[in-house]
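A look at the structure
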Amino acid sequence: MDIQSAFYSGLQGYSRASAGVTDATVNINRQTQVNRQNETELAVAQTEAAEPAQRQQTAEQPVSLTDSLVQLGQEERLAQANVKSIQTADEVLGTVIDIRV
């Protein structure tokens with residue numbers, strides 16, 4: 001494997017992991033907001049002793065909080081693995097330079 005391609009693969013993988021972390025945190029934030037809104041609606045309905053308001057279904061189904069937390073953990077491990085590959089490529093490059101000089 002070429003050292004440049006190892007660096008490139010590591011950086012590309014780290015970039016994908018970073019995007020995945022961002023995606024997971026956005027989903028966690030959305031689900032938290034939906035849960036808070038549902039709790040507020042339920043509290044209002046209980047205080048008014050009325051039937052709970054019908055929730056409007058959106059075209060996009062929300063991702064579950066558990067799935068988003070699992071994704072966040074996976075993306076963290078992916079980022080750590082890619083950082084290790086970048087560090088290894090850096091060490092190999094340093095060794096090659098030391099040998100050739």
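Only a predicted model underlies this, so the values are computations on that prediction, with no experimental measurement involved.

Conventions used here
- Residues numbered from 1 in each chain as written.
- Predicted model: local features only at pLDDT ≥ 70, side-chain atom pairs only at ≥ 80, totals over all residues.
- Heavy atoms only, no water.
- Helix = DSSP H or I, 4+ residues; strand = E, 2+ residues; numbered from the N terminus.
- Buried < 20%, exposed > 50% of the residue type's maximum accessible area, 1.4 Å probe, protein only.
- Contact = heavy atoms within 4.5 Å.
- Areas by Shrake-Rupley, 256 points an atom, 1.4 Å probe, with all protein chains shown as cover.
- Expected span 1.5 Å × (residues − 1).
- Polar contact = N/O pair within 3.5 Å; in protein donor to acceptor, adjacent residues only side chain to side chain.
- pLDDT = per-residue confidence, 0-100.

1. Examining the overall build of the chain
- Each helix and strand in the chain was counted, giving two helices and zero strands.
- Of all 101 residues assigned to the chain, the portion counted as buried reaches 17%.
- Sequence-distant contacts in the chain: of pairs separated by 6 or more residues, those separated by 24 or more amount to 92%.
- Accessible surface for the chain amounts to roughly 8,000 Å². Of this, 53% is attributable to carbon and sulfur atoms.

2. Let's talk about helix 1 (residues 3-48)
- If you check helix 1, its first and last C-alpha atoms are 67 Å apart, about what 46 residues at 1.5 Å a residue would give, namely 68 Å.
- Taken residue by residue, helix 1 has A6, G10, G13, A17, G20, A24, N27, I28, Q31, N38 and A45 as its buried positions.

3. A look at the side chain of S68
- Within the secondary structure, S68 sits in helix 2 (residues 65-100).
- On the accessibility criterion, S68 (0% relative accessible area) is buried.
- Excluding residues that lie within four positions of it along the chain, S68 makes contacts with A24, N27, I28 and V63.

4. So, the environment of A79
- Mapped onto the secondary structure, A79 falls in helix 2.
- Along the backbone, A79 and V21 are 58 residues apart, and their C-alpha atoms lie at a distance of 9.2 Å.
- When residues no more than four places from it in sequence are discounted, the contact partners of A79 are Y14 and A17.

5. Quick word on the environment of T25
- On the secondary structure map, T25 appears in helix 1.
- For T25, a relative accessible area of 35% translates into the label partly exposed.
- Sequence-wise, T25 and L69 are 44 residues apart; in three dimensions their C-alpha atoms are separated by 8.2 Å.
- Within polar-contact distance, the side chain of T25 engages the backbone oxygen of T22 at 2.8 Å.

6. With respect to the confidence of the model for the chain
- Scored by pLDDT, the chain comes out at a mean of 82, with 83% of its residues at no less than 70.
- Overall, residues 50-55 carries pLDDT values under 50, and its contacts beyond four positions in sequence, including any with other chains, amount to five contacts.

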